[in-house]
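Overview (structure and organization)
Each chain, written out:
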Amino acid sequence: SDLTNVSNKTFTDSTKLFVIRTDSIGCSRSSDTIQLTLNPRPLKPTGSALSVCVGGAATAITATASTGNTLRWYGTSATGGTASTSAPTVSSSVVGVTNYYVSQVSSQGCESERSNLAHTVNPLPAKPVISWSGVQFATTATGVNYQWLLNGTAISGATASTHKPSNTGDFKLRITDPNGC
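Attention in this report is confined to the structure presented alongside it.

So, how was this worked out
Residues numbered from 1 in each chain as written. Predicted model: local features only at pLDDT ≥ 70, side-chain atom pairs only at ≥ 80, totals over all residues. Heavy atoms only, no water. Phe/Tyr/Trp six-rings, centres within 6.5 Å; stacked < 30°, edge-to-face > 60°. Buried < 20%, exposed > 50% of the residue type's maximum accessible area, 1.4 Å probe, protein only. Helix = DSSP H or I, 4+ residues; strand = E, 2+ residues; numbered from the N terminus. Pairing = 2+ DSSP bridges.

A separate point is the packing of aromatic side chains. This structure, assessed with the given rule, holds 3 aromatic pairs. The interplanar angle of 50 degrees and the centroid separation of 4.8 Å between the aromatic rings of W132 and F137 together place this pair among those described as tilted. On the basis of relative accessible area, F137 is assigned to the buried category, the value being 16%. A ring pair is formed by F137 and F171, whose centres lie 5.0 Å apart and whose planes are at 40 degrees; its orientation type is tilted. Of this pair, F137 sits in strand 12 (residues 137-139) while F171 sits in strand 16 (residues 171-176), and the two are 34 residues apart along the sequence. Residues F137 and F171 agree in their burial class; the two are buried.

Rendered as structure tokens:
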């Protein structure tokens, strides 16, 4: 029961109600019973951060909505912005982190908070400097994987920071950093 004379009211939970309207001479009329249902706000959609190497193939950003919900993409807008039903197109041309935002909407029209999906573009490792000792090649470049190449072809088992060649030719070293670049 709310006896205030207001033309609109905000409810914070589910309830049944009816409205009585009384005119200036005391005549009144009741509405039919109105059922108000407060629908729950969905949880944030799930997604994962992406990491690519500069110049590499940019993987599409993805998120998963709960059953019955749909996704709304906001590009780089943490708040405000215009929603889209399509995930934004990402780039791998500029080193750095770009945050993308997505929410999900229930079938009742309730929208979740936005999830932040970070897209990181990592730099390539520095070109390794190779030295020759007269016996073997070596590098001081740091990497998690090394691969020596002879005439452009990977040498089987040559995966250390040094390599003692058994053939002549054009030798190169490919280094992979902790980011997979």
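After that view, the rundown keeps rolling.
A separate point is the sheet that holds strand 15 (residues 162-163). The antiparallel open sheet is built from 3 strands, whose spatial order is 11-12-15. One side of each edge strand has no neighbouring strand; the edge strands of this open sheet are strand 11 (130-132) and strand 15. Where strand 11 and strand 12 come together, 3 bridges link them in antiparallel fashion. Within strand 12, the position partnered with S131 by the bridge is A138.

Below, the discussion takes up the pairing of strand 10 (residues 115-122). Across 4 bridges, the pairing between strand 6 (residues 50-53) and strand 10 is parallel. Bridge pairing in strand 10 places L50 opposite H119. With 7 bridges connecting them, strand 9 (residues 96-105) and strand 10 associate as antiparallel partners. By the bridge assignment for strand 10, V97 is matched with T120.

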